[in-house]
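# Overview (structure and organization)
The residues making up each chain are set out below.
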Amino acid sequence: MSLMLYNDLTRKKEPFVPLKEGEVSFYSCGPTVYDYFHIGNARPFIVFDVLRRWLEHLGYKVTFVQNFTDIDDKMIHRAHREGTTVPELAERFIAEYRKDAKALGIRPPTVAPRATENVPEIVATIQRIMDNGHAYVSSGDVYFDVRSWPKYGTLCRQGLDDLEAGARVEVGEKKRDPLDFALWKAEKPGEPAWDSPWGRGRPGWHIECSAMSSKYLGETIDIHSGGVDLVFPHHENEIAQSEAANGKPFVRYWLHNGFLLIDSEKMSKSLGNFLTARAALEKYPPLALRFFMLSAHYRSPINFAPPGWSRRPAA
């Protein structure tokens, strides 16, 4: 009996047939390492660890890549707040991630690339996008020209007009269209920066995954996974920029897990229901947490509300 996967790109179950017989290329979005990962992040880490193990059980040689985003606005802000450097912050929380992941029974990936270790590949990917007419420079920033990519919105199933209605332009951005997104950000005082053909700066978030998946898995990969919150804009942007750079289909099977809710509400610091995996591990056995994450269909929401647990502190 063949393995069937629900492909979010086609919205249907499909027999899994890898690009290369007997081998599977599998990319799963990893953490931004500015803090302990929260219990909602733990769900995709556990769910797709199980899928990887099952593929290996079926006899496939699986190359599983999960990245670390180690340069990002949140990292820069926290490093400044704590009086440390972004690399020092990254080292600290990569170590903490590995500690919590091991406790939850999550196997290390085949490759765990860091964005900052792959800047030359990121720059080369951006240059190919520009050479192919899908990006432009504005005041040292480089933006992807969404209107130049007619297939944009295929994964999230929304048209450009609908997406534009909800788009925001951040202060200081100088892009042609609200939907355009940053591939490269010009250097700002006090921020880490690297050389590029467009001036010193740093990568945008989305381009990091495209460059690293291509480097370690090839221009077309079998499986790409992550939480449902990444469908738009992160994964939609990955598709556009990867295919604009390489001229080939990017991912053959897209898989996304459903939200984890806290007391039937979306986790939010403002609601007081934010819970890190570290805090959960201090209160509950790791295997119990792992079993809980696997107790519902991976695409369905799952509600975390164990007996005797309150999401808000007592008055």
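As a reminder, the structure under discussion sits directly above these lines.
As a starting point, this report considers the structure included with it. These numbers were taken from a predicted model, which means no experiment stands behind them. (Residues numbered from 1 in each chain as written. Predicted model: local features only at pLDDT ≥ 70, side-chain atom pairs only at ≥ 80, totals over all residues. Heavy atoms only, no water.)

## Regarding the layout of surface pockets
Short version of the rule: Both cavities and pockets are sets of points on a 1 Å grid over the protein atoms alone; in a cavity a 1.4 Å probe fits but cannot get out, in a pocket the set is open with protein on both sides within 12 Å along at least five of seven lines, and lining residues sit with an atom within 4 Å of a point. Grid points are joined across faces, edges and corners, and a volume is the space filled by probe spheres set on the points. The way it works is that DSSP assigns letters per residue, a run of H or I at least four long becomes a helix, a run of E at least two long becomes a strand, and they are numbered from the N terminus. Residues are grouped as follows: Ala, Val, Leu, Ile, Met, Phe, Trp, Tyr, Cys and Pro are nonpolar; Asp, Glu, Lys and Arg are charged; every other residue, Gly included, is polar.
Approximately 330 Å³ is the volume attributed to the second largest pocket. Surrounding the second largest pocket, 14 residues form its lining, L3, M4, L5, L51 and Y298 being those nearest its centre. At the level of elements, β1 (4-7) and α1 (39-57) are the ones that each hand at least two residues to the lining of the second largest pocket. Residue composition of the lining of the second largest pocket, by class: 11 nonpolar, 1 polar and 2 charged.

## Focus: unusual backbone geometry
Excluding glycine, residues mostly carry a negative phi; peptide bonds, for their part, are mostly trans. Stated formally: We call a residue buried when its accessible area falls under 20% of the maximum for its residue type, exposed when it is over 50%, and partly exposed in between, using a 1.4 Å probe and counting protein chains only.
Here the bond from F232 into P233 is cis, since omega is 5°, no more than 30 degrees from zero. Non-glycine residue R11 carries a positive phi angle of around 60°. Secondary-structure assignment places R11 in the loop between β1 and β2 (12-15). R11 sits in the partly exposed class, given a relative accessible area of 33%. With a phi close to 55°, S139 is a non-glycine residue in the positive phi region. Along the polypeptide, S139 turns up in the loop between β5 (135-138) and β6 (141-144).

## Re a positive patch on the surface
Inclusion rule: The residues that make up patches have over 30% relative accessible area and no salt bridge, and they are joined within 9 Å when like-charged or within 5 Å when they are Val, Leu, Ile, Met, Phe, Trp or Tyr. Residue exposure ignores everything except the shown protein chains as possible cover, and the areas themselves are Shrake-Rupley values with a 1.4 Å probe. Salt bridges are identified by distance alone: a Lys or Arg side-chain nitrogen within 4 Å of an Asp or Glu carboxyl oxygen. Think of it this way: Lys and Arg go in the positive column, Asp and Glu in the negative one, and His and the chain ends go nowhere. We put the charge of a Lys on NZ, of an Arg on CZ, of an Asp on CG and of a Glu on CD.
On the surface, a cluster of positive charge is made up of R11, K13, R157 and R299. With respect to the helices and strands, R299 occurs in the loop between α9 (286-293) and β13 (302-304).

## Quick notes on the environment of C29
Our working rule: Residue contacts are defined here by distance: any two heavy atoms, one from each residue, within 4.5 Å place the two residues in contact.
Structurally, the position occupied by C29 is in the loop between β3 (23-28) and α1. Note on C29: relative accessible area 9%, which makes it buried. As a C-alpha pair, C29 and I94 span 65 residues in sequence and 14 Å in three-dimensional space. Setting aside anything within four residues of it in sequence, one finds C29 in contact with F45, Q66, N67, C209, H224, S225, L230, H234, H235 and E238.

## Structural notes on the side chain of S148
We apply this condition: Throughout this description, a polar contact denotes any pair of N or O atoms lying within 3.5 Å of each other; where both atoms belong to protein, one of them has to be capable of donating a hydrogen while the other can accept it, and for residues adjacent in sequence the pair is counted only when both atoms sit in side chains.
Relative to the elements of secondary structure, S148 occurs in the loop between β6 and α5 (160-165). Separated by 2.6 Å, the side chain of S148 and the backbone oxygen of D145 make a polar contact. Leave out the neighbours within four places in its chain, and S148 touches G133 and H134.

## A closer look at the pairing of strand β10 (residues 251-257)
Keep this limit in mind: Strands were regarded as paired on the criterion that DSSP finds at least two bridges between them. Orienting the strands away from the viewer, one traces the path from the first strand over the helix to the second; a clockwise path indicates a right-handed crossover.
In terms of burial, β10 is a largely internal element, 6 of the 7 residues being buried. Pairing of strand β9 (residues 221-227) with β10 involves 6 bridges; the strand directions are parallel. Among the inter-strand pairings, G227 is bridged to a residue of β10, identified as N257. Note on the crossover from β9 through helix α7 (residues 231-246) to β10: the handedness is right-handed.

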